[in-house]
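Chain by chain, the residues run as shown.
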Amino acid sequence: MSNVKILDGGFSAQLSTHVGEKIDGDPLWTARFLATNPNAVYATHLDFLRAGADIIETNTYQASIPGLMKYLSKTEEESINLLHQAVKLAQKAVNDYLKEIEGNNDIENKSPLIAGSCGPYGASLHDGSEYNGAYGKATPRDTMMQWHRSRINALVDSGIDLLALETVPCYQEAEVLVELLKEYPNVKAWLTFSCERNSQNIVDGSNFQEVATNCYKMALPGQIIAIGVNCIAPKDVSPLLRNINKDTGNQFIPLIAYPNSGEIFSSTKGWIKDESCPPFENFIPEWLEIGVQYLGGCCRMYAENIKSIRREINNFKKKKAEKEN
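Since the structure is predicted, the reported quantities are computational estimates derived from the model, not experimental observations.

Cut-off values and rules
Residues numbered from 1 in each chain as written. Predicted model: local features only at pLDDT ≥ 70, side-chain atom pairs only at ≥ 80, totals over all residues. Heavy atoms only, no water. Helix = DSSP H or I, 4+ residues; strand = E, 2+ residues; numbered from the N terminus. Buried < 20%, exposed > 50% of the residue type's maximum accessible area, 1.4 Å probe, protein only. Disulfide = S-S within 2.5 Å. Salt bridge = Lys/Arg side-chain N within 4 Å of Asp/Glu carboxyl O.

Asks: Where do I start with the environment of Glu179 in this structure?
Replies: One can find Glu179 in helix α8 (residues 171–181). Among the residues examined, Glu179 registers a relative accessible area of 36% and is labelled partly exposed. For the pair formed by Glu179 and Leu220, sequence separation is 41 residues and the distance between their alpha carbons is 9.2 Å.

Asks: I keep staring at the state of the cysteines and nothing clicks. Help me out?
Replies: Every disulfide links exactly two cysteines, by a covalent bond between their sulfur atoms. Tallied over the entire structure, the rule returns 0 disulfides. Unpaired in this structure, Cys298 has its nearest cysteine sulfur neighbour in Cys231, at a distance of 4.0 Å. Its relative accessible area of 13% is what places Cys298 among the buried residues. Summary of cysteine pairing: Cys299 is not part of a disulfide, and the nearest cysteine sulfur, belonging to Cys231, is at 3.8 Å. Since its relative accessible area comes to 17%, Cys299 is described here as buried.

Asks: Teacher, can you tell me more about unusual backbone geometry here?
Replies: Where the residue is not glycine, phi is negative for most of them; where a peptide bond is considered, it is trans in most cases. If you check the backbone angles, Asn198 has positive phi at about 50° while not being a glycine. Within the fold, Asn198 resides in the loop between β5 (189–193) and α9 (208–218). Its identity as a non-glycine residue notwithstanding, Arg300 has a phi of 65°, on the positive side. Relative to the assigned elements, Arg300 resides in the loop between β10 (292–295) and α12 (303–324). The exposure class assigned to Arg300 is partly exposed, which follows from its relative accessible area of 28%.

Asks: I tried to follow the pattern of salt bridges on my own but got confused; where do I start?
Replies: Where charged atoms from two side chains of opposite charge come close, those side chains can pair. Summed over all chains, the structure comprises 11 salt bridges. Asp96 is paired through a salt bridge with Lys92; the nearest N and O atoms lie 3.0 Å apart. Note that Asp96 and Lys92 are positioned in helix α5 (residues 76–101) at a spacing of 4 residues, about one turn of the helix. Take Lys92: its relative accessible area is 42%, and that puts it in the partly exposed class. Residues Glu183 and Arg149 are paired through a salt bridge, measuring 2.8 Å at the closest nitrogen-oxygen approach. With Glu183 in the loop between α8 and β5 and Arg149 in helix α7 (residues 141–157), this residue pair connects regions lying 34 residues apart in the sequence. Given the relative accessible area of 22%, Arg149 is considered partly exposed. Through salt bridges with shared partners, a single ionic network connects Asp54, Glu108 and Arg310.

Have a look at this one:
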């Protein structure tokens, strides 16, 4: 269990502690703040590092070159520069954090990495299709490929450590991303899916286990560091991931999970606590037991929640070591 890496949490949630402006509902979501309040973006990264994150994600989930051009009236070159700026802000946070912790032997995240966040094509359409993946059948693969390529080029050129290909809602886009990744043979990535509640399927209705394992096998050997889920309720993680390594023979597929807080989003009332869902931390031991090696949070998961995740992982390791001895 010593190799479990802790991710950051929900960027929007933590960013909201630094800005008074509305974040949700914006066509660029948090990415608008790259242009309007870069200091808040930097401060959000620093919060997660101080909370113990081994990997932080760039603030680019809903940033694309066409989107930045359209909604910020930027040129193509200016939009590419904004993506570069996103990486620089994360790099500055890491560098400043490393200066802060110099000489402190109690710190566990001494070599933080930066993952370039790549959300799904559907999030740029602003028609809700990222929640059902319906665009997968209707959108030419070349269109999705080029849309993702332009952003990935900018992130890779800026020196990210790996890519976070996340919240993918349809198998067509997942396959596009794996094929595209082969154009960058020296770049590693994780791939996570958006899945239905209480189901074995991703939101387009495809079987999660089948799509996930196929994508892993399609990739260049070792290029995908983990396959898993994000942006779902904690209680739905284990049923999706539990059996993924049962039929893979000697090939162990590393797993990743960064669920939401367990609250339910209502378009009229916002986030509502789900009384039937146990606390997030209660699930961590079973996730570790089934082989989750990358663990963090998504929507409504703040820096304080990341501290709790690290604490629970350390408790799990301690209890396991005591049993073995």
